[in-house]
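# Fold and geometry: a report
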Amino acid sequence: MSAAQSQTTLLSKLEALQCHFTWDLDPSKTNFLRLRDMLVDIGTEEGNSWLGHIYNLRGFIQYKLGLTEDAQSFFNKAAEAFRQMRKADDGPWLAVNYGNLAWLHHHLGDQAESEAYLSKVEALMKKYPSPSQDELHAEIYAEKAWTLVKFSADIELVSDYFQKAFRMQPDMVEWNTSDIIGFSGFYDHCDTGMEADILEKMRVAKEQNPQNLLLAVYYLERRAKNGERVEDEARELAEKVLRNPVSSYNGMKAILRVYRNYVSEDEAVDLAEKALEQHPDVRYLKRCAAITLKWKIIFSSPPEQSLVDRAISLHEDVISLYPDCSFATKIDLASIYAKSNHTKAIAEQMYQELLKSDLGPADKQQLYNHYAKYLKRDRQDQNKSLKYHMKAAAIPHQSYFRGNSIEVLRKVKNTRWNPMWREIQEFLENLQEP
């Protein structure tokens with residue numbers, strides 16, 4: 001076989017692998033940086049059942065950011081984490097990891113090492129054949145689902161992968177838990193006739209995995225949305241969350257949302273500050289506290305200056321602690337500055353700087369939507385606000401912010417109270433779907 005044919009054969013084998021390099025995970029550099037920060041905030045607490053997956057994804061992100069030595073280090077950590085979790089030297093759960101290493105060495109030009117890892121994958125597949133020719137191993141389905149959901153993939157496809165994995169290995173309750181948690185946002189858009197089924201799925205998952213506090217909070221929130229009084233349960237659950245190791249998976253952000261919506265904003269602020277008191281150097285908790293204060297300030301009229309000052313201080317800390325992904329926090333900080341007469345000019349200056357910055361479509365859409373709300377709420381400039389809602393809606397990217405701007409525009413069109421209603425009607429009629 002010639003060198004060219006050998007290279008073609010190697011490449012076709014690499015492309016047939018199930019791993020991060022073949023799953024079409026290619027967002028912008030900004031999104032990779034955000035993902036990296038998100039994975040850091042999950043933490044690496046021993047016993048975390050997703051530790052191998054976290055290290056695998058971090059390795060792939062480091063490779064995409066051009067940090068190949070870091071990538072290899074994380075891939076090696078992933079292999080060790082899987083071995084410790086599974087208490088075995090090999091198994092199908094290493095197939096994705098070996099595939100990543102085969103691709104990494106291929107990109108580094110070390111074809112011999114790449115082929116060595118390809119051989120390891122082939123040996124694993126022979127030793128642990130998949131249930132059928134058309135199906136993957138349960139471990140591969142689970143890792144693929146866990147990874148794809150981080151990239152805003154088709155949530156129904158992700159759920160299908162999780163459920164296939166769980167049916168094959170029903171003792172792996174975390175796979176079902178992750179499916180329920182990942183699907184929770186989608187549930188809000190489901191037919192109300194499905195509500196009983198949704199609650200039952202969540203209840204069963206919680207019974208199967210009683211230690212998962214994030215799932216417990218999601219279940220509590222779902223019940224609250226259905227009209228149940230949950231204040232006492234929320235307080236009890238919050239105490240458990242406080243006792244748990246700090247992680248973005250431990251339920252703190254979710255329980256703060258439950259407090260804000262179903263207990264009280266004041267208690268939400270107190271809970272966030274209590275968590276931060278216990279762990280003053282944990283950046284994730286600073287972020288949670290900053291978000292909680294922001295919501296209280298936005299809906300206070302007028303907010304206390306001491307509260308505004310505390311929120312500004314926290315947001316500035318968060319921006320410095322997340323230097324690569326502080327865009328949304330800067331928008332929040334601008335909205336807080338706008339709530340005080342002393343700092344309204346700073347708010348406008350921040351927004352202008354953000355509007356001039358080089359942004360991708362999704363970030364631009366988010367900014368336009370927030371700026372539109374600021375113009376109406378804090379500047380009483382209704383027409384300019386509507387212009388920015390139109391700019392947000394015109395960006396062909398499906399998101400909450402686009403949907404929110406379109407909803408505002410439709411209300412204006414339907415009520416016809418604003419002189420711009422005809423212009424808005426024409427705009428909406430010609431609006432293209434993403």
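So, how was this worked out
Residues numbered from 1 in each chain as written. Predicted model: local features only at pLDDT ≥ 70, side-chain atom pairs only at ≥ 80, totals over all residues. Heavy atoms only, no water. Axes fitted to C-alpha atoms, helices over the stretch in contact; angles between N-to-C directions. Helix = DSSP H or I, 4+ residues; strand = E, 2+ residues; numbered from the N terminus. Parallel < 35°, antiparallel > 145°, perpendicular 65-115°, else oblique. Left-handed = near helix turned anticlockwise from the far one by under 90°. Contact = heavy atoms within 4.5 Å. Nonpolar A, V, L, I, M, F, W, Y, C, P; charged D, E, K, R; others polar. Buried < 20%, exposed > 50% of the residue type's maximum accessible area, 1.4 Å probe, protein only. Polar contact = N/O pair within 3.5 Å; in protein donor to acceptor, adjacent residues only side chain to side chain. Expected span 1.5 Å × (residues − 1).

Attention now goes to the packing of helix α18 (residues 344-356) against helix α19 (residues 361-377). Each packed pair of helices is defined by two parameters, the angle between the axes and the distance between the axes. Relative to each other, α18 and α19 sit at 155°, their axes nearing to 11 Å. Considering their axes alone, α18 and α19 lie roughly antiparallel with respect to each other. For the pair α18 and α19, the sense of crossing is left-handed. Contact with α18, carried on its side by K344, A347, E348, Y351, Q352, L354 and L355, involves L367, Y368, H370, Y371 and Y374 of α19 and no other residues of that element. A class-by-class count of the residues in the contact of α18 with α19 yields 8 nonpolar, 2 polar and 2 charged.

Moving on to the environment of Q111. The topology assignment puts Q111 in helix α6 (residues 111-127). For Q111, a relative accessible area of 22% puts it in the partly exposed group. For the pair Q111 and L10, spaced 101 residues apart in the sequence, the C-alpha separation amounts to 8.6 Å. Among all residues touching Q111, those that are not within four sequence positions of it are Q7, L10 and H106. Within the structure, Q111 has its side chain in polar contact with the side chain of H106 (distance 3.0 Å).

This part takes up helix α16 (residues 305-321). Along its 17 residues, α16 runs 24 Å from first to last C-alpha, staying within 8% of the 24 Å computed at 1.5 Å per residue. Every buried residue of α16 is listed here: L307, V308, A311, I312, L314, H315, V318 and I319. Next to the buried residues of α16 lie α14 (265-278), α15 (283-298) and α17 (327-337).

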